[in-house]
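Listed here are the chains, written in short residue letters.
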Amino acid sequence: MDHAAAGPPEARSLPGCYRHPDRETGIRCTRCERPICTDCMVNASVGFHCPDCASGRTGGGPAPAPAASRPRTLAGGTIAADPRLLTKVLIGVNLALFLVQLSVGDRFTRQFEMLGRAYITFPGPVEGVAEGQWYRLLTAMFLHGSSMHILFNMLSLWWLGGPLEGALGRARYLALYFCSGLAGSALTYLIAEPNQPSLGASGAIFGLFGATAALVRRLNADMRPVVILLAINLVFTFTWADIAWEAHVGGLVAGAAIGFAMLHAPRERRTLVQYGTCALVLVVVVGLTLLRTAQLT
């Protein structure tokens, strides 16, 4: 009876809340990682925060956070005053370039869309990534083919990007976005017909889908909504005409890998694992690009 009343050894080994040391808890602040009890935890967009982090204080009050445990994002990034700033900037850049497309016309779009190797005008020079225009792998990520195309992509970017930017921090979020987009462009270049143009932020956005799945798993939340939404998008990817499914798949795989590395890397080697994974994705992008270029030239 005494052993049962005392509880199992695992329960006694739990840390105490930093504000109420007599209360054992398995919950930690997702910013500073200090243990917090249910009375102290504050709901946040990502997990729970302690009262100090929720109010913006990093010190003062009982048991201030040590220097090594200052408030950080879930992935170890710096806390930003506006956790959606980069998402807003990315949306703004996409919208601005779409207005340029509407103003200048096809001449602008054809110069920067994803294209393997083809004549844009005939007679004229052969153009495309295989001709050294590697910038197309990047610029195609910010162009769109129609108002509905950019509308769906920007709504997805806003819905997925905000929580991820808050969980990863700005630098890691930007690395995820660009690496995923470039991976989508590289797979499109490798598999699609060289004269088939493609454009859109979908590769990067599918990368955000993959990273969102990693985030939901990291928080031990319900995966079903993400899986259902991703499945619906994949159905559209493979059934609608004029969709570069290669960009979607390439971005999704890269985003899932980077997201998992960002959110599950061991704390003592976190930065090395996170940015090392991004570097590995970029090496694959360069390798696929060189391989396809050798095939086409």
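As the structure is a computational prediction, the values presented were derived from the model and not from experiment.

Basis of the calculations
- Residues numbered from 1 in each chain as written.
- Predicted model: local features only at pLDDT ≥ 70, side-chain atom pairs only at ≥ 80, totals over all residues.
- Heavy atoms only, no water.
- Helix = DSSP H or I, 4+ residues; strand = E, 2+ residues; numbered from the N terminus.
- Expected span 1.5 Å × (residues − 1).
- Buried < 20%, exposed > 50% of the residue type's maximum accessible area, 1.4 Å probe, protein only.
- Arc of directions from axis to C-beta.
- Contact = heavy atoms within 4.5 Å.
- Axes fitted to C-alpha atoms, helices over the stretch in contact; angles between N-to-C directions.
- Parallel < 35°, antiparallel > 145°, perpendicular 65-115°, else oblique.
- Left-handed = near helix turned anticlockwise from the far one by under 90°.
- Nonpolar A, V, L, I, M, F, W, Y, C, P; charged D, E, K, R; others polar.
- Patch = residues over 30% accessible without salt bridge, like charges linked within 9 Å, V, L, I, M, F, W, Y side chains within 5 Å.
- Areas by Shrake-Rupley, 256 points an atom, 1.4 Å probe, with all protein chains shown as cover.
- Salt bridge = Lys/Arg side-chain N within 4 Å of Asp/Glu carboxyl O.
- Polar contact = N/O pair within 3.5 Å; in protein donor to acceptor, adjacent residues only side chain to side chain.
- Core = buried A, V, L, I, M, F, W, Y, C linked by side-chain atoms within 4.5 Å.
- Phe/Tyr/Trp six-rings, centres within 6.5 Å; stacked < 30°, edge-to-face > 60°.

A.B. asks: In this structure, what is going on with helix H8 (residues 170-191)? I would like to understand it.
C.D. replies: Note on helix geometry: an α-helix contains 3.6 residues per turn, so any two residues three or four positions apart are oriented the same way. The terminal C-alpha atoms of H8, which comprises 22 residues, lie 32 Å apart, in line with the 32 Å expected from a rise of 1.5 Å per residue. Burial runs high along H8: 16 of the 22 residues are buried.

A.B. asks: Help me understand helix H4 (residues 85-104) in this model?
C.D. replies: Taking 1.5 Å per residue, 20 residues should reach 28 Å; H4 reaches 28 Å between its end C-alpha atoms and fits that length. For H4, the set of buried residues is Leu86, Thr87, Leu90, Ile91, Asn94, Phe98 and Gln101. When H4 is viewed along its axis, its buried side chains cluster within an angular range of 140° and face the same direction. Across H4 from its buried face, at more than 90 degrees, point the exposed residues Leu99 and Ser103. Looking at the buried side of H4, the elements it contacts are helix H5 (106-112), helix H7 (147-168) and H8.

A.B. asks: I would appreciate a short explanation of the packing of helix H11 (residues 245-264) against helix H12 (residues 270-296) in the present structure.
C.D. replies: Between H11 and H12, the least distance of the axes is 8 Å, while the angle of their chain directions is 165°. One finds that H11 runs roughly antiparallel with respect to H12. Judged by the twist between their axes, the crossing of H11 over H12 is right-handed. On the side of H11, the interface is formed by Ala254, Ala257, Ile258, Ala261 and Met262, while H12 contributes Val273, Gln274, Thr277, Cys278 and Val281. By residue class, the composition of the contact of H11 with H12 is eight nonpolar, two polar and no charged.

A.B. asks: Looking at this model, I keep getting lost on a nonpolar patch on the surface. Mind explaining?
C.D. replies: Together, Met148, Leu151, Phe152 and Leu155 line one region of the surface with nonpolar side chains, adding up to about 410 Å² of accessible area. If you trace the backbone, Leu155 turns up in helix H7. On the basis of relative accessible area, Leu155 is assigned to the exposed category, the value being 52%.

A.B. asks: Would you take a moment to explain the pattern of salt bridges for this structure?
C.D. replies: As a working rule, side chains carrying opposite charge can pair if their charged atoms are close by. Counting across every chain of the model gives nine salt bridges. With a closest N to O distance of 3.4 Å, Asp52 and Arg34 form a salt bridge. With a gap of 18 residues between them, Asp52 in helix H3 (residues 51-54) and Arg34 in the loop between helix H2 (9-12) and strand S1 (42-43) connect regions that are remote in the sequence. The exposure class assigned to Asp52 is buried, which follows from its relative accessible area of 1%. Residue Arg34 is classed as buried on the basis of its relative accessible area, which comes to 8%. Residue Glu127 is joined to Arg136 by a salt bridge in which the shortest nitrogen-to-oxygen separation is 3.5 Å. For the pair formed by Glu127 and Arg136, the shared burial category is buried.

A.B. asks: Explain the packing of H8 against helix H9 (residues 202-218) here, please?
C.D. replies: The relative placement of two packed helices is expressed as an angle between their axes plus a distance between the axes. Contact geometry for H8 and H9: axes closest at 7 Å, N-to-C directions at 125°. Taken as axis vectors, H8 and H9 run oblique relative to one another. Viewed along their axes, H8 and H9 form a crossing whose handedness is right-handed. Contacts between H8 and H9 involve Tyr173, Leu176, Tyr177, Ser180 and Gly181 from the first element and Gly203, Ala204, Gly207, Leu208 and Ala211 from the second. Its residues placed into classes, the contact of H8 with H9 shows six nonpolar, four polar and no charged.

A.B. asks: Please clarify how the side chain of His49 should be interpreted in this entry.
C.D. replies: Residue placement: His49 occurs in strand S2 (residues 48-49). Within the local environment of His49, its side chain forms a polar contact with the side chain of Thr30, the two groups lying 3.3 Å apart.

A.B. asks: Would you mind showing me how to read the nonpolar core here?
C.D. replies: In globular proteins that are soluble, nonpolar side chains generally tend to be buried together. Of all hydrophobic cores here, the largest spans 48 residues; its most connected members are Leu157, Tyr173, Tyr177, Leu208 and Leu263. Counting residues per element, the ones that place at least two in this core are H4, H7, H8, H9, H11 and H12. Looking at which element gives the most residues to this core, the answer is H8, with nine residues. If sequence neighbours within four positions are ignored, Tyr173 has contacts with Leu86, Thr87, Leu90, Leu157, Gly161, Leu164, Glu165, Leu168 and Leu208. Judged by nonpolar contacts, the second largest core, of nine residues, contains Cys17, Cys29, Cys32 and Cys40.

A.B. asks: In this structure, what is going on with the packing of aromatic side chains? I would like to understand it.
C.D. replies: The relation between two aromatic rings is expressed through the spacing of the ring centres and the mutual angle of the planes. Overall, the coordinates contain five aromatic pairs when judged by the stated rule. On the numbers, 6.0 Å between centres and 45° between planes, the contact of Phe142 with Phe178 is tilted. In this pair, Phe142 is assigned in the loop between helix H6 (136-139) and H7 and Phe178 in helix H8, connecting sequence segments 36 residues apart. Taking the relative accessible area as the measure of exposure, Phe178 reaches 26% and is therefore partly exposed. Ring-pair connections join several aromatic residues into one group, and the members of that group are Phe108, Phe112 and Tyr135.

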